[in-house]
Amino acid sequence: MRLSVVFSAGSEMVHSSHRLALLGTLALGAALMGCRQKSSAPANSIVVGEFASLTGKEATFGQSSNEGLILGIEEANATGGALGKQIHLVVEDDGSTNGEAITIVKKLISRDHVVAVLGEIASGRSLEAAPICQEEKIPMISPGSTNPAVTQKGDYIFRVCFIDPFQGTAMAKFAHDQLHLNRVAVLSSATAPYSAGLAHYFEERFRADGGEIPIEEKYNDGDKDFRAELTAIKAANVQGIFVPGYYSEVGLICAQARELGITAPLMGGDGWESPIMLQLAGAAADNCYYSTHYSPQNTAPNVQSFVKRFQKRWNGETPDAMAALGYDCAGVFVDALKRAGSTDPQALRDAIAATKNYPGVTGVTTIGPDRNAVKPAVIIELEHGESHFLQTVAP
């Protein structure tokens, strides 16, 4: 059974031809370009909304999480849906644009009457949407926003991923204990909450372990030339560089660092998770490492089963961490919906909060009292243009 889904977009769609064809197949009559159209959910269905960066500079995040979420809800519908009804998904593209999430989430709630909002990956846009969902008392579940402030917006806001204090600590310990680095530079975004938060937690733990951070440099989202910052870092004679950014900048940073003769390892977080990062960096990504939520190389039976089902659904595409998080986001939502026995917002909120030991593909998920997921991370090594699973880090 294929999911009933409506896609809306207010900006030009910029997909690869492969993803555009997939989204076109799924649209079921909804416009993928031009003005937003009124959604028409089937009668007696449960309507849930998703907002994601389907276009723009973080588009692979939204496209991957969207595909995982669609697969999760399709599988739920194929086994009877929830509460005797099918689940209808309304998908909105925020274009990777700051401010757009506010408009989108208001529309999902007021026009589409969604029972919950699923999204986003980027912490900045989740921080925009969360106060709206909290005010309207509509549960929101982020697949992959790791900034701690997201769930602090209220008791209706949840996530199925780990948070930056854990991710930053894990990478600091990895840099110090396993790469044996004592002097590390930090190059972070001056404008992205995700980048600033992850940089802070890395620095805090690295210094606590006796490491030194002799230089910190900043860039702005959308920058293309990082040579000035990298030249200053090179002069500081560091052993490594922590770059807690998004893939569109990180790929260029890796390439330009190697052009300048910097051979030290670069490290980062789950914002690196995109094939575009490797396309931009090429061989410059060798000797680089990042933390993320899952690896398709994990041999656990449930992970390998998910990979096969995802590849069958999406024409052989291998699911990345954002796809896995989208799938788990759908799973946690459907599981909570069934346990709630109702679409009442309070009952659904309480059921999500009570999630314990949910067997997700990104790890067993328990929602803690702060509405964050307690789960492991994995560390990826980049070598010869490919990502290689290195190790799992327990929470």
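Preceding block: the structure.
Summarised in this report is the structure supplied together with it. Just so it is clear, the model here is predicted, and its values are computed rather than measured.

The rules behind the values
Residues numbered from 1 in each chain as written. Predicted model: local features only at pLDDT ≥ 70, side-chain atom pairs only at ≥ 80, totals over all residues. Heavy atoms only, no water. Core = buried A, V, L, I, M, F, W, Y, C linked by side-chain atoms within 4.5 Å. Buried < 20%, exposed > 50% of the residue type's maximum accessible area, 1.4 Å probe, protein only. Helix = DSSP H or I, 4+ residues; strand = E, 2+ residues; numbered from the N terminus. Contact = heavy atoms within 4.5 Å. Axes fitted to C-alpha atoms, helices over the stretch in contact; angles between N-to-C directions. Parallel < 35°, antiparallel > 145°, perpendicular 65-115°, else oblique. Left-handed = near helix turned anticlockwise from the far one by under 90°. Nonpolar A, V, L, I, M, F, W, Y, C, P; charged D, E, K, R; others polar. Pairing = 2+ DSSP bridges. Arc of directions from axis to C-beta. Polar contact = N/O pair within 3.5 Å; in protein donor to acceptor, adjacent residues only side chain to side chain. Disulfide = S-S within 2.5 Å.

1. Side note on the nonpolar core
No. 1: In terms of nonpolar packing, the biggest core is built from 105 residues, with I241, W272, M277 and F333 touching the most fellow members.
No. 2: In terms of residue count, helix α11 (residues 321–340) provides more of this core than any other element does, 13 residues in total.
No. 3: Residues contacting I241, with those up to four places away along its chain left out, are V184, A185, L187, L230, I233, I262, P265, L266 and M267.
No. 4: Core analysis: the second largest hydrophobic core is formed by 20 residues, F51, A101, I104 and Y156 among them.

2. As for the packing of helix α3 (residues 100–110) against helix α4 (residues 123–136)
No. 1: Viewed as axis vectors pointing N to C, α3 and α4 meet at an angle of 30°, and their least axial separation amounts to 8 Å. Comparing their axes, α4 and α3 come out roughly parallel. In terms of crossing hand, the pair formed by α3 and α4 is right-handed. Seen from α3, the contacting residues are E100, A101, I102, V105, K106 and I109; seen from α4, they are R125, E128, A129, I132, C133 and E136.
No. 2: The residue inventory of the contact of α3 with α4, partitioned by class, reads seven nonpolar, no polar and five charged.

3. What about the pairing of strand β13 (residues 363–367)?
No. 1: Sheet analysis places strand β12 (residues 358–360) next to β13, joined by three bridges and oriented antiparallel. Within the sheet, the bridge partner assigned to P359 lies in β13 and is V364.
No. 2: Adjacent in sequence and paired antiparallel, β12 and β13 are bridged by two residues.

4. Here we look at the side chain of T362
No. 1: Looking at where T362 falls in the secondary structure, it is placed in the loop between β12 and β13.
No. 2: T362 gets classed as buried once you look at its relative accessible area, which sits at 3%.
No. 3: Beyond its immediate chain neighbours, meaning those up to four positions away, T362 contacts H293, Y294, A324, L325, D328, K375 and P376.

5. What to know about the environment of A190
No. 1: Turning to its location among the elements, A190 is positioned in the loop between β7 (184–189) and α6 (193–208).
No. 2: C-alpha of A190 to C-alpha of N220: the two residues are 30 residues apart in sequence and 5.5 Å apart in space.
No. 3: Among all residues touching A190, those that are not within four sequence positions of it are K218, Y219 and N220.

6. A word on helix α12 (residues 345–353)
No. 1: All of the buried residues along α12 are L348, R349, A351 and I352. Viewed end-on, α12 has its buried residues packed into an arc of 165°, placing them on one side of the element.
No. 2: Measuring from the side-chain oxygen of the N-cap residue of α12 to the backbone nitrogen of Q346 gives 3.2 Å; that N-cap residue is D344.

7. Digging into the state of the cysteines
No. 1: Evaluated as defined, the whole model comprises zero disulfides.
No. 2: Lacking any disulfide linkage, C329 is separated from the closest cysteine sulfur, that of C161, by 9.3 Å.

8. Some remarks on the sheet that holds β12
No. 1: Reading across the sheet, the three strands line up as β12-β13-β14 and stay open at both edges, with antiparallel pairing between neighbours. Both edges of this open sheet fall to β12 and β14 (373–374), since each of them pairs with a single strand only.
No. 2: Two strands pair when backbone bridges link them, and β13 and β14 are joined in this way by two bridges, in the antiparallel orientation. Bridging across to β14, I367 finds its partner in A373.

9. Digging into the packing of α11 against α12
To describe two helices that pack against each other, one gives the angle between their axes and the distance between the axes.
No. 1: Packing of α11 against α12 leaves a shortest axis separation of 8 Å and a crossing angle of 120°. In terms of orientation, α11 and α12 fall into the oblique class. Judged by the twist between their axes, the crossing of α11 over α12 is right-handed. Packed against α11, whose contacting residues are F333, A336, L337, R339 and A340, the element α12 presents A347, L348, A351 and I352 at the interface.
No. 2: In terms of residue class, the contact of α11 with α12 is made up of eight nonpolar, no polar and one charged.

10. Quick word on the sheet that holds strand β8 (residues 216–219)
No. 1: Spatially, seven strands are ordered β8-β7-β9-β10-β11-β15-β16 in an open sheet, and the strand pairing comes out mixed. Two strands lie at the open edges of the sheet, namely β8 and β16 (386–393), each paired on one side alone. Pairs of neighbouring strands in the sheet enclose a mean axial angle of 20°, with direction left out of account.
No. 2: Relative to strand β15 (residues 377–383), strand β11 (residues 288–292) runs antiparallel, the two being bridged by five bridges. Within β15, the position partnered with T292 by the bridge is V378.
No. 3: Here α6 sits on the sheet and contacts β7, β8 and β9 (240–242); the angle it forms with β7, its principal contact strand, is near 165°.
No. 4: Of the strands in this sheet, β7, β8, β10 (266–268) and β11 are in contact with helix α8 (residues 247–259), which crosses β10 at around 165°.

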